[in-house]
Each structure stands twice: as structure tokens, then as C-alpha cells.
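Inside the fold
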Amino acid sequence: MFVNPTSQQTTTWLERNVVDIKQKFGANIILETKGLRVLYGDHEALHEGDLQFGEHQITALIGPSGSGKSTYLRSLNRMNDDVATVKGQILYRGVDVNRSEIDVYEMRRRIGMVFQRPNPFAKSIYDNITFALKRRGVTKKAVLDEIVETSLKQAAIWDEVKDDLNKSALALSGGQQQRLCIARAIAIKPDILLLDEPASALDPVSTSKLEDTLLRLKDNYTIIIVTHNMQQAARISDYTAFFNQGTALEYDVTSKIFTRPKVALTNNYVAGDFG
Amino acid sequence: MNPKLSNKIANGALYGIAGFIVLILAALLGYIIITGLPMLNWHFLTTPARAFTAGGGIGIQLFNSFYLLLLTLLISFPIALGAGIYLNEYAPNNWVTNVVRTAIEILSSLPSVVVGLFGFLIFVVQFDFGFSILSGAFALTFFNLPLLTRSIEESLAAISNTQREGGLALGLSKWETVTRIILPAALPSILTGVILSAGRIFGEAAALIFTAGQSAPALDFTDWNPFNISSPLNPMRPAETLAVHIWKINSEGIMPDAKAVSSGASAVLVISVLVFNILARFIGKRLYQKLTSAK
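Residues numbered from 1 in each chain as written. Chains lettered and ligands numbered in written order. Predicted model: local features only at pLDDT ≥ 70, side-chain atom pairs only at ≥ 80, totals over all residues. Heavy atoms only, no water.

Structural notes on the overall build of chain B
We count it as follows: Strands here mean DSSP runs of E at least two residues long; helices mean DSSP runs of H or I at least four residues long; both are numbered from the N terminus. Only protein chains enter the calculation, and the probe is 1.4 Å; a residue is then buried if its accessible area is under 20% of its type maximum, exposed if over 50%, and partly exposed in between. When checking whether two residues touch, look at their non-hydrogen atoms; a contact exists if any pair is within 4.5 Å.
In terms of helices and strands, chain B carries 11 helices and zero strands. Secondary structure of chain B in N-to-C order comes out as α-α-α-α-α-α-α-α-α-α-α. Each principal axis of the C-alpha atoms in chain B carries an extent, and together these give about 70 × 60 × 45 Å. Expressed as a percentage of its 295 residues, the buried residues of chain B come to 43%. Summarising the internal contacts of chain B: among those between residues at least 6 apart in sequence, 75% fall at separations of at least 24.

This is the structure we're talking about:
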């Protein structure tokens, strides 16, 4: 009879294992997607990636290049609106934000984002932080000063820049720029912080500082981070999702993903066999 | 032939070509400036031209050139800025915008004589502006708009997309992102483009012969009411510019010192354009430094 040549490898392994973290661990869900699919023109980059994100947790999205993890992340605050068709629901505190009547600008102030390459504006360090606040009517100097200081402290860069807040942000090093971008993102007090491979352009020392920063931010923010660095995911995240070919294949507590994954491909990936 | 030798030959040939071009340029500039320099003095730069006797200056023509430049930039810069922002930030990539882009390209390669004749028919005759600074400014707007639009569009395109994403991710609207983040970042390069285009406008003659006219009526530099006919600011008066003046002296000038006046005027024109170019580099660089690094 007909035998699928690949079926033998996977018979002892589950094909997909996405854990319901609310049911299993009693996590307080702040964000989840239902039936999310992302298409670039005719090409479907994300078929099945529904995950739940626990409040004040760090969730890592890992997987090989082109697995759809960044696409998934960028859909969460609708940064993909102009370039892709995003179908399905994105439930932020129970409200579907993937609808045209949602004020996308207001939504992005709740769900902030930090990008792969540091992208400070060509303004002073101070203005980088206060820019979005001023646009939203915060004008009192004392209030702005206060926010600048606390957000730079939270992003663990205050001590390095406190004496030159009027210096151009572009004069900072790459690692400093990235922490400034985090400070900029948290200055508007979002609920959730999305990070798209924030350390990929940084050296090991800056990366380690960035990770410390994220671990400290966990107390106040929910963090979802895409990373290619598996040690990084293992070090800082509470939950990890493994993506492959546009599908979230496995989602579980981080320690489980890295020690006893249930899906063969996850095991191969975290063991370094591919990707 | 071995690679080392062929590289040497290629290098030599390229240096030769580059040197030849620089030499021609230097010879041209040198000739114009050296023959014109003796003419340059305060009297020459400030007194009106004389048609039949020697000793005339280029005062009015010089003023006209700057005034026309100012008016042209006042009209063309806002339009070019809007068009550049639209094309780079908002325009979808479809056949309509492709037609617009092609139209801009064709317009930019239009000979200036054609632009001048078009301006003559539309502004001078049809709209009845007569030979005036205003007609000239509109004609030069047509001449300048395509290149300025292109240069602004390119300045904006040079700003990385990560800057746009950064703005949007902070909950800013697209308009806020463009006007408050992208435009300031592109400002040095936009300014450079504007100043360079100013140099081209300043030296343009053919488009102005039929629009701003070939006469420079006496101006009363104490009267700054733009509605008075002898006021320097009146945009409805005919205004021969420096470049047109040079053309005119050389084709039909009958003053005894025509050659000297022409040389002097040419030197002033060339020096002005040089100053524009140096200014463009200097200001662009300074602005960029100010935006990107410590003061």
C-alpha cells in the first residue's frame, strides 16, 4: 500500500503541540490570536500561529528564517497593515483589535514595538523620548523630565547618557541606541512590548545589558520577543513558541521546549540540527 | 596582457579623461573670471545699464535675477515639496503614479526655449501678465518643478524605512511621522537640492527672454510698495535678468563697452552660481552635522 516516506520519522512524535497556558498554568492572558493568517499578496506567510500571551511574562518566538515568527509579531500591533493582509482575530484584553474601526494609533500606544536595527530619530536623546509624548499633549517640562529619567533608568541607559541628554541620539553606540529605543517605547507606557530580534545587531556585551533590561522590565510590561539566539530565549523567556514554515509548531514553558520538546522538529531545531 | 598592466592602463585612461574635463572647466572658469574681474567694482554692481554710452552697470539686472529667483522658489518649492512627499510617502505603485513619474521626467528634459515659449503663450498672452517678473517666475517654475520634485523625492527616499516604522510604532499617524520625523531628517539633503536648483534658475536665460522680457526699466530703490510701477518689488514690471542681459549685449548691444560689460556680467553670474554650489555643500554638511552628532 501507499507509504508516506516521512511518516515513519514522526510516528513517535506529535506533529504539533501548542499548550493552552491559561488552562495548564493558570496564566493571566493579556493578548491572544485566533485564526490569524497573514498573506503577502498570494503568498501565505503565516498559516497557523495562534498563541496566548501571559501578562508580565516574557514570551520568545523562535524558529528558522522565513518561519513566520516576525510576520506574526509584526501583525500583533498591525505594523503589517500596509504590506500584508492579516486575517483573524487579535484579542487584546478580550477586544479584537484587528478591525478597521479600531484606532490603530491608540492601539499601538498600548502595544509598543522595538525593531531589529536601532532606529533612533535624528534628534537629541531627550527629544527622542519626549517626541511622542509631546505629540499627545504632554507639555509640562517637569512631567517630561520625570518621564525621560524614569524611562531611561528602566532601559538601563540613564547612567551612560544623563549628562548629555541634548546630544544627538545618532552619536550613541548601537547598543546604547537600542536601549534608547526601548526607553522611547516604554516612555508612552505601553502594556505590551514587542521586540523583533532586538539584539541581532549588537555585540555580546550590549546584548547582555539588553537582556538584563528586559528581565527587569518584566515586572511592569508583557514582553514578546523574536530571537534567533536560542541561548537568549532560554535565558530570559518564560514561554517559548517554535515556528516553522508559517506554523507555530510547539508552544510551552521555555524549559520544556529546550529540554523535553514534544515535536520532532522543535527538538532538531533547539539541538542545532537545522535553522 | 597581465592584470597588473591592464589595470594600470585603465587607471591612466580614467585619470586622463577626468583631468581633461577638469582642465576644460578650469580654463572656461578662469577665462570668464579673469576677463570679467577688472570690471567688478561697487559702481558696476549697483548702477543701471546704459544702452548707448559706456560706463553702464548691471545693478538692476542683478536685483532682478535675485528677485526672480526668490519668487520662483516661493512658487515652486511648496508644490515640489508636496509632490515629493506624495510620490515618496503616499503614492501607491500603480499606473497613475507611473504616468506622473514619466510626465515629470519628460518635463525635466524639456528644452528651456520651449518652456519659455509655452510661458509666453500662457502667462504673457493668455493670462495677460505681460512681460513681467510674474510670467518669468511661473515659466521658471515649470522649468524647475520636475528637477526639484525629483530631488526632494530622492532626499525622502534616502531616509531609512526603520525611521517610519519607529514613528508608527509610537502610535504616531503617518502624517505626523512624515512631517515631524522624516522631513527634518531629510532637511539637509532637501536644502542642498533647493540651493543647487537656485543656481540653475539664476543662470537661466532662454525661458526668460519670452516671459520676463528684455528690458530693465529704471527702479526707484526707495519705493518698496509692490503696487507702484517703479518699485523693485512690483512683480508685474518687465525685468531683464543678468543672464538675459549677457545674451542681449552679445547679440545686439551697441554700447561702446559692450564686451567689457558682458565679461563683467558673466563673471558675476558665474561667481554667483559658484557661491550657490559652495553654499549648498556647506549648509547641507553643517545641518547634517548638527542633526547627527554633538554640537
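Description of the pairing of strand 8 (residues 111–114) of chain A
All names here are of chain A. Heads up, the condition is: Any two strands with at least two DSSP-identified bridges between them are counted as paired.
Here strand 8 shows two buried faces, one formed by Ile-111 and Met-113 and the other by Gly-112 and Val-114. Here four bridges tie strand 8 to strand 9 (residues 192–196), and the two strands are oriented parallel to one another. By the bridge assignment for strand 9, Met-113 is matched with Leu-194.

Some thoughts on the packing of helix 5 (residues 125–135) of chain A against helix 6 (residues 141–154) of chain A
Between two packed helices, both the angle of their axes relative to each other and the distance between the axes serve to describe the pair. Residue and element names in this part refer to chain A. To be explicit about the condition: Angles here are taken between N-to-C directions and fall from 0 to 180 degrees, while the axes themselves are lines fitted to C-alpha atoms, restricted in helices to the stretch in contact. Each angle receives one of four descriptions, namely roughly parallel if under 35 degrees, roughly antiparallel if over 145, roughly perpendicular if within 65 to 115, and oblique otherwise. Working rule for handedness: look at the near helix, and if it is turned counterclockwise from the far one by less than a right angle, call the crossing left-handed; if clockwise, right-handed. Amino acids outside the nonpolar list (Ala, Val, Leu, Ile, Met, Phe, Trp, Tyr, Cys, Pro) and the charged list (Asp, Glu, Lys, Arg) are all regarded as polar, and Gly is one of them.
For the pair helix 5 and helix 6, the least separation of the axes is 10 Å and the interaxial angle reads 120 degrees. When the axis of helix 5 is compared with that of helix 6, the two are oblique. Along this stretch, helix 5 crosses helix 6, giving a crossing that reads as right-handed. For the pair helix 5 and helix 6, the contacting residues are Ile-125, Tyr-126, Ile-129, Thr-130, Leu-133 and Lys-134 in the first and Lys-141, Leu-144, Asp-145, Ile-147, Val-148, Ser-151 and Leu-152 in the second. Residue classes in the contact of helix 5 with helix 6 are distributed as eight nonpolar, two polar and three charged.

Some remarks on the interface of chain B and chain A
Stated formally: In this description, buried area is defined as the sum, over both parts, of the accessible area (probe of 1.4 Å) that is lost when the two are combined. Any carboxyl oxygen of Asp or Glu within 4 Å of a side-chain nitrogen of Lys or Arg constitutes a salt bridge here. Two N or O atoms form a polar contact when they lie within 3.5 Å of each other; inside protein one atom must be a possible hydrogen donor and the other a possible acceptor, and for residues adjacent in sequence the pair counts only when both atoms belong to side chains.
Across the boundary between the two partners, chain B contributes 21 residues, which contact 25 residues of chain A. At the boundary of chain B with chain A, total buried surface from both sides reaches about 2,000 Å², with 59% on carbon and sulfur atoms. Remark: the boundary between chain B and chain A carries three salt bridges. The salt bridge involving Arg-74 of chain A is made with Glu-165 of chain B; its shortest N-O contact spans 2.6 Å. The tally of links from chain B across to chain A stands at seven residue pairs in polar contact (both at pLDDT 80 or more). Elements with a minimum of two residues in the side of chain B that touches chain A: helix 7 (161–169), helix 8 (174–203) and helix 11 (258–292) of chain B. Of all the elements, helix 7 of chain B adds the most residues to the side of chain B that touches chain A, at seven residues. The class makeup of the residues in the side of chain B that touches chain A is nine nonpolar, eight polar and four charged.

A look at the environment of Lys-218 of chain A
Residue and element names in this part refer to chain A. With respect to the element layout, Lys-218 can be found in the loop between helix 9 (204–217) and strand 10 (222–226). Measuring from C-alpha to C-alpha, the distance between Lys-218 and Ser-237 comes to 9.9 Å, with 19 residues separating the pair along the chain. With residues up to four places along the chain from it excluded, the contact list for Lys-218 reads His-56, Gln-57, Ile-58, Ile-223 and Asp-238. A distance of 3.1 Å separates a polar atom in the side chain of Lys-218 from a polar atom in the side chain of Asp-238.

Structural notes on helix 6 (residues 133–157) of chain B
Residues and elements named next belong to chain B. Where we set the bar: Expected helix span is computed as 1.5 Å times (number of residues minus one). Fitting axes to the seven residues ending at a residue and to the seven starting there, one defines the bend at that residue as the angle between these axes.
Compared with the 36 Å implied by 1.5 Å per residue over 25 residues, the 34 Å span of helix 6 between its first and last C-alpha is a close match. The largest bend in helix 6 amounts to roughly 40 degrees and is located at Asn-144, with the proline Pro-146 lying one to four residues further along. Helix 6 sits mainly inside the fold: 18 of its 25 residues count as buried.

A few points about the pattern of salt bridges
Inspection of the entire model under this criterion finds 23 salt bridges over all chains. The residue Glu-101 of chain A makes a salt bridge to Arg-99 of chain A at a minimum N-O spacing of 3.3 Å. Under the relative-accessibility criterion, Glu-101 of chain A is labelled exposed at 59%. Between Arg-150 of chain B and Glu-154 of chain B there is a salt bridge, with its nearest N and O atoms 3.4 Å apart. In this pair, Arg-150 of chain B and Glu-154 of chain B both sit in helix 6, four residues apart, roughly one turn of the helix.

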